[in-house]
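Tertiary structure, described
Each chain, written out:
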Amino acid sequence: MTSTSPPFSPSLPLQVAIDGPAGAGKSTVARLVARALNLTYVDTGAMYRALAWSVLAHSIAPEDASAVCRLAQSLVIVLEDAADGVRVLADGQDITPRIRTPEISRLTSPLSALPCVRTRMVALQQAMAARQGVVMEGRDIGTVVLPHAPVKVFLTASPAARAARRHAELAARGVRYSLADLEREIRERDTRDATRDTSPLAAAPDAVLIDSDSLTAEQVADRILALARTIPASASAAWPRSELPALAS
Ligand code: DC
């Protein structure tokens, strides 16, 4: 992807929605797209993870839905841009390195199925998108959070490829975890995320499906940038499409 394009400043907050299951490569791709379009990257999974971490930190029983709901309502979650990615603050505490563990992954999935948790997170995410142009990634962005986003992508990959990606990410951070266990957990999490009653993981009818199995993150990002270039004028009347960066060859 080219890095020589001038900064892009949309006159309307542009919304790029990227959904898909765990390990499909959403975060890397979303960061590349956000950088190319000079938009704010919002990792909504980190928000649900921050809540799960705080539930543990406050010794709240995950089954105690009303205590979880109260915490979700009061918890101040801040996502900050950092040179090495996004920093996640919960009530002012930097918890970035602590939310990407298998334990937090396991706890986040059932908590994110609680309607009160979703209502709160969706409201926070919509408020962020109202203030600034965003590339937002998650499970329900194109369907619930930003249903009018002019660019919607559903990114998939086979469970084996996704487990291999997560395995490499964990290994890079010095976390040893069995590949087979990761793939099993990814399949279980997919099923839970896709079958919950509130905002199940699903592609929006107007989302473009991209299978990332045989594509690099840069190639996926380029496809999304290509989509952004085709936004009909009616979907973003004041958005200067001509200023979009050129695609990589
Ligand atoms: O993308 P991730 O692995 O960091 O997401 C962590 C969990 O949060 C995962 O179980 C799905 C859930 N999630 C969600 O329900 N809705 C979102 N918009 C983002 C994540």
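Scroll up to find the structure.
Residues numbered from 1 in each chain as written. Predicted model: local features only at pLDDT ≥ 70, side-chain atom pairs only at ≥ 80, totals over all residues. Heavy atoms only, no water.

1. Observations concerning the overall build of the protein chain
Within the protein chain, the secondary structure is distributed over nine helices and eight strands. Across the 249 residues of the protein chain, 46% fall into the buried class. Counting contacts in the protein chain only where the partners sit at least 6 residues apart, residues at least 24 apart contribute 72% of the total. Put simply, the protein chain shows about 11600 Å² of open surface, and 54% of that area lies on carbon and sulfur atoms. (Helix = DSSP H or I, 4+ residues; strand = E, 2+ residues; numbered from the N terminus. Buried < 20%, exposed > 50% of the residue type's maximum accessible area, 1.4 Å probe, protein only. Contact = heavy atoms within 4.5 Å. Areas by Shrake-Rupley, 256 points an atom, 1.4 Å probe, with all protein chains shown as cover.)

2. Regarding unusual backbone geometry
The backbone of Asn38 shows a phi angle near 55°, a positive value even though the residue is not glycine. Following the sequence through the fold, Asn38 ends up in the loop between helix H1 (26–37) and strand S2 (40–43). Residue Asn38 is classed as partly exposed on the basis of its relative accessible area, which comes to 42%. Its identity as a non-glycine residue notwithstanding, Ser59 has a phi of 55°, on the positive side.

3. A closer look at the state of the cysteines
By the definition in use, this model includes one disulfide. With its sulfur 1.9 Å from that of its partner, Cys69 forms a disulfide with Cys116. Looking along the S-S bond of the Cys69-Cys116 disulfide, the torsion reads about -85°, which is the left-handed sense. A residue pair is termed long-range when its members are at least 10 positions apart, and Cys69 in helix H3 (residues 65–74) and Cys116 in helix H5 (residues 115–131) qualify at 47 residues. Residue Cys69 is classed as partly exposed on the basis of its relative accessible area of 22%. A residue is classified by how much of its surface remains accessible, and Cys116, at 23% relative accessible area, is partly exposed. (Disulfide = S-S within 2.5 Å.)

4. Digging into the site of the ligand
The environment of the ligand is formed by 16 residues, the closest being Arg49, Arg118, Arg139, Asp140 and Arg196. Taking Arg196, its side chain carries an N or O atom lying 2.9 Å from an oxygen atom of the ligand. Taken by itself the ligand offers 450 Å² of open surface, and the protein chains cover 99% of this. For the shell around the ligand, the elements supplying multiple residues, two or more each, are helix H2 (44–57), helix H4 (102–111) and helix H8 (179–195). (Near = heavy atom within 4 Å. Polar contact = N/O pair within 3.5 Å; in protein donor to acceptor, adjacent residues only side chain to side chain.)

5. Let's talk about the environment of Glu218
Structurally, Glu218 is set in helix H9 (residues 217–229). The partly exposed category is assigned to Glu218, whose relative accessible area is 38%. Note: C-alpha distance between Glu218 and Val29 (189 residues apart in sequence) is 7.0 Å.

6. A short note on the sheet that holds strand S7 (residues 151–156)
Sheet architecture is open: five strands sit in the order S2-S6-S1-S7-S8, paired in parallel fashion. Every interior strand has two partners, whereas the edge strands, S2 and strand S8 (208–211), have only one. Ignoring which end each strand starts from, the neighbouring axes of this sheet average 20° apart. Across four bridges, S2 lies against strand S6 (residues 134–138) in parallel orientation. Residue pairing for S6: Asp43 is matched across the bridge by Glu137. Against the sheet, H1 makes contact with strand S1 (15–19), S2, S6 and S7, and its axis sits at roughly 175° relative to S6, the strand it touches most. (Pairing = 2+ DSSP bridges. Axes fitted to C-alpha atoms, helices over the stretch in contact; angles between N-to-C directions.)

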